[in-house]
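Structural overview
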Amino acid sequence: MPVRPILRMGHPILRQVAAPLPKTAFGSAALMALITDMVDTLAEAGGIGLAAPQIGVSVRVAILQFRGGPTRYGHLEPMPLSVFVNPTISVLDPSTAGYWEGCLSVPGLRGLVERPQSIRVQARDPEGNPIDLIRSGFPATAFQHEFDHLDGVLYVDRLSDSRQLVFESELHHVLPDA
Ligand code: NI
């Protein structure tokens, strides 16, 4: 299947709580087709992650990848494209850090969001095998952003100061090395 349109803020599907994937769906052709569409769509759009509701499918599936290496968020460990089904997050340390987040469903904007920086991620892979990860720093923020989509939450809901929502073209005013 081809690249799918990415829903933009205002589309009601982005505000729904997505349904958990039933056990019977693991390893199914339908799930593999959905994941292929998500991978193709993310590759075309560019970005770190995509959640199924962003292409109009209200189920609890998200994909993420980190290229790794030096970034303005510090040195990132690479993570190959990975699929997370029915994920949950536990906060291991409530201390937060803020990052200028962007979202393919909110194109052209960036917002400063504070989130906990040490989390445990538990999920299933597409075959139903358990995933259990501990992540800190920027990846912790990225996981929380993507999994928020599964609960109908967008990063703009989590701004602590609406003045810290800016157009990408103006980001250099608040983030000099952007
Ligand atoms: Ni997003």
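Values in this document were obtained by computation on a predicted structure and should not be read as measured data.

1. Considering the overall build of the protein
Scanning the protein from N- to C-terminus turns up 3 helices and 8 strands. For 178 residues, the compact-globule estimate of 2.2 N^0.38 gives 16 Å, and the protein sits close to it at 16 Å. Its C-alpha atoms give the protein principal-axis dimensions of about 50 × 35 × 30 Å. The proportion of buried residues among the 178 residues of the protein is 46%.

2. Re the coordination of the nickel ion
At this site the nickel ion is bound by Cys103 (SG), His145 (NE2) and His149 (NE2), with donor distances of 2.1 to 2.3 Å. The sequence pattern formed by the donor residues of the nickel ion is C-x41-H-x3-H. You can see cysteine 103 sitting in the loop between β5 (79–101) and β6 (109–124) and its partner histidine 149 sitting in helix α2 (residues 138–149), a full 46 residues away along the chain. Taking relative accessible area as the criterion, histidine 149 reaches 1% and is therefore assigned buried.

Conventions we followed
- Residues numbered from 1 in each chain as written.
- Predicted model: local features only at pLDDT ≥ 70, side-chain atom pairs only at ≥ 80, totals over all residues.
- Heavy atoms only, no water.
- Helix = DSSP H or I, 4+ residues; strand = E, 2+ residues; numbered from the N terminus.
- Rg over C-alpha atoms; globule rule 2.2 N^0.38 Å.
- Buried < 20%, exposed > 50% of the residue type's maximum accessible area, 1.4 Å probe, protein only.
- Donors = N, O, S within 2.8 Å, 3.2 Å for Na, K, Ca; no water.

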